[in-house]
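Observations on the model geometry
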Amino acid sequence: MLPLSPTFTYDPLLWGLYWPTDYLTGDPWTARYGSYAYNPVYYNNEWENSSKMLKVSANETLTVKLLPELVLKSVFSYDNTNTMDHLYYSALHFNGSSTSGAVHEMTTNETKLVSSTTLNYNKVFADKHTLGILVGWEAEDNRTYFHRSSGTNLPTSALHTVSTAGKLDASGYNWGSTMMSALSRLEYNYLNKYYFSASMRRDGSSRLGETTRWGNFWSVAGSWKINSEKFMENVDYISNLRLRASYGVNGTLPSSLNGWRSLTSYNNNYMQTPGGGVSTIADANLSWETSYTSNIALEFGLFDQRLTGSVEYYNRTSKDLLQDVPISLVTGFGTTLKNIGEIRNRGVEIELNGDIIRNKTITWSAGLTASTVKSTVEKLYGGQDIIWYDPTGGDARAKYIYREGESTLALYGLEWAGVEDETGKNLWYLNDDDATPDLTVNGRPATYSYSKAKETIIGNIHPKLFGGIHTDVKWNNFTAGLNFTYKIGGYTYDGAGKDVTDDGYYWERIMSKDQYENRWTPENKTASLPMRAAIDMEDVNQKSSRHMHKADFLRLKTINVGYNLPKNLISKINVSNVRVYFNGSNLWTMAAYDVYDPEVNEYGTRGWETPICKTYTFGVEFTF
Amino acid sequence: MKKINILFTILGIVLLSSCEGFLDVKPTSSADAATSITTASDAKVIISGLMSKMVSSNYYGRNFFMYGDVKGGDFAIRSQGRGLDALYVFNHSASSNSYSGYWSQMYHCILQINNLLQNIDKIEAAGKGSATLSEYKGQALTARALIYFDLVRLYGKPYNMDNTSLGVPLILETLDASAQPTRATVAQVYEQIVTDLTTAAPLMGKTKVLGYLNYYANQAIQARVYLNMGNNAAALTAAQAVITSGKYSLYSNANWVSSWSAENGSESIFELGVYLSEADLGTGSLGFYLLRAGTIKNAMGWFMASDEFLARLNQDPADVRWGIMDYDETYTDTGVKRYGSCRKYSGVNLLGDKGSATAVNVKVIRLSEMYLIAAEAAFPTNKQLAADYLKEIRKRSPNLEVPTATNITMQMIKDEKSKELFAEGQRYFDRIRWNESITFNDDFISPAVVITHRDKTIDRTFYKTILPIPKSEIDANPALASQQNPGYAE
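Residues numbered from 1 in each chain as written. Chains lettered and ligands numbered in written order. Predicted model: local features only at pLDDT ≥ 70, side-chain atom pairs only at ≥ 80, totals over all residues.

**Considerations on the overall build of chain B**
Within chain B, the secondary structure is distributed over 17 helices and 9 strands. Relative to a compact globule of 490 residues, whose C-alpha radius of gyration would be 23 Å, chain B shows 25 Å and is just as compact. Considering only C-alpha atoms, chain B reaches an extent of 105 × 50 × 50 Å along its principal axes. Summarising the internal contacts of chain B: among those between residues at least 6 apart in sequence, 66% fall at separations of at least 24. (Helix = DSSP H or I, 4+ residues; strand = E, 2+ residues; numbered from the N terminus. Rg over C-alpha atoms; globule rule 2.2 N^0.38 Å. Contact = placed C-beta atoms within 7 Å.)

Structure (structure tokens):
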């Protein structure tokens, strides 16, 4: 790191700018301006971690041919992953300073056992009817054993070993889940022209209580290869045409292992005696989330498969949707896992691929995918709206509402009306017919005070259209490819904005460049962000459309260029192929809102997590 | 085909009948709540857990004491933005700085109590009750009373101001996750507090046990509660029950200061344990909040005594209680030692009560307070008695005149309580109860900032005297939307 010298002078009457580290002295941290900024470079030398993983996997299959067409197959698989983690903080590191150093050794052992036995019947009758029947059962056992031993008060910085520590501490427990299934499947086709299949299964899981843990799921599907029909024989330019449709019911389990079971946990030791308490209040009747999916698709290939593609429509209704939802804190807890209602997702997916040039020396192909999704809340048990938060990061960074008829990702909050040009003050749309407006903005009643405004649905995260575009060129020994992804419509929500674009107060805090450039000043009265003043950050802390931004973007997701060295050049050195290449990812992005990375999580939010990186890879690849 | 069907059917039956065991995977670090309390020793573990939860940072571990202290005029801040200063400047609203931690942690504790009480009832109904079990029942009921007393003072108007106004939801049994309870009135909450305390008292042991509630802690809480309800006779009786029990004794002037460097002092009626790697809040501990910035690495010195308090304590420069005060950070600017930092929670020698400056027990109720309650309760009717009680505490300022039936004033009692219980979470609640106006030492903030959330002087007609029901609660429990505290309502 370069030693930077401060080139500015600060007015001692004002708080200075945020000073992240003391580069000059290399001091570990400085309480300057009341902040706890520290020097990560210094601390990097004061801790270490390592992780060793060992995977063992065994797969035993027993096949018994009872009849030529009847086969009994029993598979027993065992997977074991053993991870050993080592974590050390020296006595100089802030995580180890209060305990004269700390070292932790952790072992996590994950075991997965699957036993599956199936009876398979496959036969072709009269060269026309192909029939396949499968019945079977399956049992699965997942268990993870965790053990940690820790030592603090270390005798020397040279030994990073638990056994040398002055004070020892340990923990160990295990958790897991099991599942049993009975399954069956029938597949039939006639002359590879008409296909039909059906399946039925019954699953039971330890993640649900006794009365609800078993679920029955089934599906039917059929397809018709239209171009195999007689009447298509003369249509040369169609090389593939298939219509397929399916309908099925499947189940989703809660991700939580004990979501149905109210628990007492024992992590409240008190005065060196064990202490415990109720740690969850659960719904004992928690059940499978069940999805009813239907889809219909047309696949086609034209001109000897030079142009291929498909169009698909799907509709999925999920009943008994499983979600952690906020509950009255008076119950003793803030959230609980519930089957909350019914949602519906439907949309169209289109895929198109074509070779624009195809000859011996050059192939140039291009393709496009496009999807639409409309995702709505159909029914809420009890009918009452549910206000919930993005679970990412645990900082409740965005607020949503489930309301019947509305989007499943409907952002909820105050509607920000921008900044008043004359004063630099925040303006809010009232959205409340009973309140008296302070002024009107764009012809709508508005107020200076957020607390007078009412929350409303401010936007929908789901985009109108999203997908990708790709193109590849192969010319002699050169290859090149471009992959774009895009999103049109919808919004993202900025969960970090409240920290870096606050309107004052935390003077010593970092200010984003965006805010620096766009804040209101007497010289910049048409600014998009309000004036910074020594006020408390109430306005910026509101969940509001101020932090909501358009999600549209086009990104060059990957680019690759390669060259295979001519064979005559490399055959002398006993190598079958040498390829020189460059790969890049996320090198170019165009976004409607480009202050932060527009590629966001499934909830459409951006927080303090590390954004996606631009990467450049240059390489040489040898094939022997 | 038929055979296959039969086979499948058989397999299905086998699966269904024999697999419930395989599918019952119990967690190993938690127990099924429905069956986790079946004996007195199970109940003991829950009581310990409850005490641990009560000493969390959101409650007695820090924030509840800070609430009672920093809003009461005896404290001031030097700089904004260090932590909890929003309490001091009354920057709280339902959706920004809602301080929902009080609400959630206290109701979380109440859930533990209600669950324990239900299970004790079950055990007793099965004929397996015992004296030990009754003792835990008494402790649980007393804890519930204390928590409701604290909750109703945070969220409801003072009892002597308007006890028909809204208090808090009164929950006496475990709730279903979908419950959406509404608020009871202040009077109803107090009525329940008294019921719980009087039901509990006869069940409780009289032995002093560090870290837990006993009969005298119950009486001490009764004294506090009755004083708030304006029932002086009952407050006096309860305080006297503790004073005359012989189980507790006042610190002498010689050992008053050192009492802050030891756990389980002779005055401790209810002291919550804070031990290393348990509820120890480290750099965020109560001790660190009151230390001078930099006394210990990372100590930022959030709060200091106000000029008003220092002047009060200085009525007698030889007051023994100066011994727990340390000079504050203004020394760097002024070169004058201003003794505004307090070491009640870090120990006189910064070694706490058992070697750590941060893992320090919280003395929730001390005997001195009982004397002061007795003095206040006796004052309107029996000046001599009031003077007798006050005298025992006021002698900690050896140069001040000894109170007598003729010279005693209410102001003397109030001043004594401020000096004695400084930083013990009482001052604000007392002054609100006394209907005093509170003037803040805002000119102490340097550089000066404009405080926009309250005036320099407030009294209990100011709507922010009590906290808002958090927005998160109203979102999840819309039944409370129409019950928001006035002024905070949208």
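**Observations concerning the overall build of chain A**
The helix and strand tally for chain A stands at 5 helices and 35 strands. In terms of its C-alpha atoms, chain A occupies a principal-axis envelope of roughly 95 × 75 × 65 Å. In chain A, which comprises 624 residues, the proportion classed as buried is 26%. Relative to all contacts within chain A whose residues are 6 or more apart in sequence, the contacts with residues 24 or more apart total 62%. (Buried ≥ 20, exposed ≤ 12 C-beta atoms within 10 Å, placed from the backbone.)

**What to know about the sheet that holds strand S22 (residues 426–429) of chain A**
All names here are of chain A. Sheet architecture is open: 4 strands sit in the order S21-S22-S24-S23, paired in antiparallel fashion. Each having just a single partner strand, strand S21 (416–419) and strand S23 (439–441) make up the two edges of the open sheet. Strand-to-strand, the axes of this sheet are offset by a mean angle of 45°, without reference to chain direction. Across 3 bridges, S21 lies against S22 in antiparallel orientation. From the neighbouring strand, Gly-418 faces S22, where its bridge partner is Leu-427. (Pairing = 2+ DSSP bridges. Axes fitted to C-alpha atoms, helices over the stretch in contact; angles between N-to-C directions.)

**Observations regarding the confidence of the model for chain B**
Averaged over all residues, the pLDDT of chain B is 92; the fraction at 70 or higher stands at 96%. Here the complex is predicted with pTM 0.87, and the ipTM for its interfaces comes to 0.92. (pLDDT = per-residue confidence, 0-100.)

**Regarding the sheet that holds strand S1 (residues 30–32) of chain B**
In space, the 3 strands of this open sheet follow the order S10(A)-S9(A)-S1(B), with antiparallel pairing throughout. Where the open sheet ends on each side, the last strands, each with one partner, are strand S10 (277–278) of chain A together with S1 of chain B. Across 2 bridges, strand S9 (residues 263–265) of chain A lies against S10 of chain A in antiparallel orientation. Each bridged residue has a counterpart across the sheet, and for Ser-265 of chain A the counterpart in S10 of chain A is Gly-277 of chain A.

**Re the interface of chain A and chain B**
Buried accessible area, meaning the area lost when the parts come together, often serves as the stated size of an interface. Residue-level contacts link 63 residues of chain A with 67 residues of chain B. Elements represented by at least two residues in the side of chain A that touches chain B include exactly strand S4 (129–152), strand S5 (167–190), strand S6 (194–205), S9, S10, strand S14 (335–339) and helix H4 (538–541) of chain A. At 9 residues, S5 of chain A tops the list of elements feeding residues into the side of chain A that touches chain B. Here the side of chain A that touches chain B is composed, by residue class, of 24 nonpolar, 30 polar and 9 charged. Across 3 bridges, S9 of chain A lies against S1 of chain B in antiparallel orientation. For Thr-264 of chain A, the partnering residue across the bridge sits in S1 of chain B and is Ala-31 of chain B. (Nonpolar A, V, L, I, M, F, W, Y, C, P; charged D, E, K, R; others polar.)

**Focus: the domain arrangement of chain B**
All names here are of chain B. Taken domain by domain, chain B comprises domain 1 (41–72 + 85–204 + 451–490) and domain 2 (282–360). Of note, the centres of domain 1 and domain 2, computed from C-alpha atoms alone, are 30 Å apart. Across the contact, 5 residues belong to domain 1 and 5 residues belong to domain 2. Taken together, the residues of the side of domain 1 that touches domain 2 sort by class into 3 nonpolar, 1 polar and 1 charged. (Domains from an automatic or database assignment.)

**Observations regarding helix H14 (residues 383–394) of chain B**
Given 3.6 residues per helical turn, the α-helix brings residues three or four places apart onto the same face. Residues and elements named next belong to chain B. End to end, H14 covers 15 Å across 12 residues, agreeing with the expected 16 Å (1.5 Å per residue, within 8%). Within H14, the full set of buried residues consists of Ala-386, Ala-387, Tyr-389, Leu-390, Ile-393 and Arg-394. Looking at the buried residues of H14, the elements they touch are helix H13 (367–378) and helix H15 (410–420). (Expected span 1.5 Å × (residues − 1).)

**Some remarks on the pairing of strand S12 (residues 307–319) of chain A**
Residue and element names in this part refer to chain A. Pairing analysis gives 13 bridges linking strand S11 (residues 289–302) to S12, with the strands arranged antiparallel. In the strand pairing of S12, Ala-297 is matched with Glu-312. Here S11 folds back onto S12 in antiparallel fashion, the turn holding 4 residues, of which Phe-303 has a positive phi close to 50°. Summarising the sheet, S12 and strand S15 (residues 341–358) pair through 12 bridges and their orientation is antiparallel. Across the sheet, the residue bridging to Ser-310 is Glu-351, located in S15.

**So, the pairing of S5 of chain A**
Residue and element names in this part refer to chain A. Note that S4 and S5 share 24 bridges and pair antiparallel. What sits directly across from Ser-150, in S5, is Asp-169. Summarising the sheet, S5 and S6 pair through 12 bridges and their orientation is antiparallel. Looking across to S6, one finds that Tyr-188 is bridged to Phe-196. Connecting S5 to the next strand, S6, in antiparallel fashion are 3 residues, including Leu-191 with a positive phi near 55°.

**Quick word on the confidence of the model for chain A**
Mean pLDDT over chain A stands at 87; residues scoring 70 or higher make up 92%. In the model, residues 1–20 of chain A has pLDDT below 50 throughout and makes 20 contacts with residues more than four positions away in sequence or in other chains.

**Some remarks on the environment of Tyr-616 of chain A**
When you line up the elements, Tyr-616 of chain A lands in strand S35 (residues 615–623). A C-alpha to C-alpha distance of 49 Å links Tyr-616 of chain A and Leu-186 of chain A, two positions 430 residues apart in sequence.

**Here's the deal with the packing of helix H5 (residues 100–125) of chain B against helix H6 (residues 131–155) of chain B**
Residue and element names in this part refer to chain B. For the pair H5 and H6, interaxial distance at closest approach is 9 Å and the crossing angle is 155°. The orientation of H5 with respect to H6, classified from their angle, is roughly antiparallel. The crossing of H5 and H6 is left-handed. In this structure, H5 uses Tyr-102, Met-106, Cys-109, Ile-110, Ile-113, Leu-116, Leu-117, Ile-120, Ile-123 and Glu-124 to contact H6, whose residues at the interface are Leu-133, Tyr-136, Lys-137, Ala-140, Ala-143, Arg-144, Ile-147, Asp-150, Leu-151 and Leu-154. Tallied by class, residues from the contact of H5 with H6 come to 16 nonpolar, no polar and 4 charged. (Parallel < 35°, antiparallel > 145°, perpendicular 65-115°, else oblique. Left-handed = near helix turned anticlockwise from the far one by under 90°.)

**Quick look at helix H9 (residues 232–243) of chain B**
All names here are of chain B. Given a rise of 1.5 Å per residue, 12 residues ought to cover 16 Å, and the 16 Å separating the end C-alpha atoms of H9 matches this to within 8%. The set of residues buried in H9 consists of Ala-235, Leu-236, Ala-238, Ala-239, Gln-240, Val-242 and Ile-243. Those residues of H9 hidden inside the fold are in contact with helix H8 (215–229), strand S3 (268–272) and H13.

**Remarks on the nonpolar core**
In terms of nonpolar packing, the biggest core is built from 182 residues, with Leu-411 of chain A together with Ala-220, Ala-239, Met-370, Ala-374 and Ala-375 of chain B touching the most fellow members. Residue contributions to this core peak at 13 residues, all from H6 of chain B. Domain assignment of the residues forming this core places at least three in each of domain 1 (41–72 + 85–204 + 451–490) and domain 2 (282–360) of chain B. The residues touching Met-370 of chain B, leaving out its near neighbours within four places in the chain, are Ala-220, Ala-223, Ala-239, Val-242 and Ile-243 of chain B. Counting 14 residues, the second-largest nonpolar core is a separate cluster that includes Leu-414, Trp-416, Leu-427 and Leu-529 of chain A. (Core = buried A, V, L, I, M, F, W, Y, C linked by C-beta atoms within 7 Å.)

**What to know about the packing of helix H2 (residues 40–54) of chain B against H5 of chain B**
Residues and elements named next belong to chain B. Where H2 meets H5, the closest approach of the two axes is 10 Å, and the angle between their N-to-C directions is 165°. Classified by the interaxial angle, the pair formed by H2 and H5 is roughly antiparallel. Once H2 is placed against H5, the crossing between them reads as left-handed. Two secondary-structure elements touch here, H2 through Ala-43, Ile-46, Gly-49, Leu-50, Lys-53 and Met-54 and H5 through His-108, Cys-109, Gln-112, Ile-113, Leu-116 and Ile-120. Taken together, the residues of the contact of H2 with H5 break down into 8 nonpolar, 3 polar and 1 charged.

**Things to note about the environment of Ser-50 of chain A**
Relative to the assigned elements, Ser-50 of chain A resides in strand S1 (residues 47–67). Along the sequence, Ser-50 of chain A and Thr-447 of chain A sit 397 residues apart, while their C-alpha atoms lie 55 Å from each other.

**Thoughts on unusual backbone geometry**
Positive phi, close to 50°, is recorded for Ala-126 of chain A, a residue that is not glycine. Given 5 C-beta atoms within a 10 Å radius, Ala-126 of chain A is considered exposed. With a phi close to 60°, Phe-90 of chain B is a non-glycine residue in the positive phi region. The topology assignment puts Phe-90 of chain B in the loop between helix H4 (85–88) and H5.

**Digging into the environment of Phe-484 of chain A**
Position of Phe-484 of chain A relative to the elements: it lies in strand S27 (residues 478–488). As a C-alpha pair, Phe-484 of chain A and Phe-303 of chain A span 181 residues in sequence and 26 Å in three-dimensional space.

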